[in-house]
Amino acid sequence: MSAAMDVAAAVCLLLGAILAFAAGVGMVRFPGTLARMHAATKPQVLGLHLILLAMWLRDPSWKIAGVILLVAVYQVVTAAVAAYVVGRTAHLTESPQDDGTAVPHGDTRA
């Protein structure tokens, strides 16, 4: 049973890391505020939840589960509020779409 839990934890950890990496790439490469907001919230939250699940699978106890559950709920709430605030601000200021990268114009590091 322990080997199966270790494999499940490794799979969850790997998938969570991939999703977190995809969120970072999306933040850099997606055009516009709303697309970046989507990239910052959806895969990042799911990736974190998979990593938290992997942590619980490595040590399945109620003590760990309570802390992990608090972190997961806090992440969902704060990501939703942050996405709402960013989206509303972008809508109210009518921020223009940019050229598709997060690198400011005139910056030659791209």
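Please refer to the structure higher up on the page.
Residues numbered from 1 in each chain as written. Predicted model: local features only at pLDDT ≥ 70, side-chain atom pairs only at ≥ 80, totals over all residues. Heavy atoms only, no water.

Novice: Is there a simple way to think about the overall build of the chain in this case?
Specialist: The helix and strand inventory of the chain stands at three helices and zero strands. Along the chain, helices and strands appear, N-terminal first, in the series α-α-α. In the chain, buried positions account for 25% of the 110 residues. A separation threshold of at least 6 residues defines the contact pool for the chain, and within that pool the share at least 24 residues apart is 71%. In the structure as shown, the chain presents an accessible area of about 7,600 Å², 74% of it carried by carbon and sulfur atoms. (Helix = DSSP H or I, 4+ residues; strand = E, 2+ residues; numbered from the N terminus. Buried < 20%, exposed > 50% of the residue type's maximum accessible area, 1.4 Å probe, protein only. Contact = heavy atoms within 4.5 Å. Areas by Shrake-Rupley, 256 points an atom, 1.4 Å probe, with all protein chains shown as cover.)

Novice: Explain the environment of Val7 here, please?
Specialist: Position of Val7 among the secondary structure elements: in helix H1 (residues 2-29). C-alpha of Val7 to C-alpha of Ala54: the two residues are 47 residues apart in sequence and 9.5 Å apart in space.

Novice: What is the right way to look at helix H3 (residues 62-93) in this model?
Specialist: Within an α-helix, residues lying three or four positions from one another point in the same direction, as the helix has 3.6 residues per turn. In this model, H3 (32 residues) spans 46 Å end to end at C-alpha, consistent with the 46 Å of a helix rising 1.5 Å per residue. Looking only at H3, the buried set comprises Ala65, Ile68, Ala72, Gln75, Ala79, Ala83, Gly87 and Ala90. Buried residues belonging to H3 abut helix H2 (33-58). (Expected span 1.5 Å × (residues − 1).)

Novice: It is not clear to me how the environment of Ala9 should be interpreted in this structure. Could you clarify?
Specialist: Along the chain, Ala9 turns up in helix H1. Since its relative accessible area comes to 5%, Ala9 is described here as buried.

Novice: Before we go on, may I ask you to explain a nonpolar patch on the surface in this structure?
Specialist: Residues Leu69, Val73, Val77, Val81, Tyr84 and Val85 make up a contiguous nonpolar surface patch of roughly 570 Å² in combined accessible area. Relative to the helices and strands, Val81 resides in helix H3. (Patch = residues over 30% accessible without salt bridge, like charges linked within 9 Å, V, L, I, M, F, W, Y side chains within 5 Å. Salt bridge = Lys/Arg side-chain N within 4 Å of Asp/Glu carboxyl O.)

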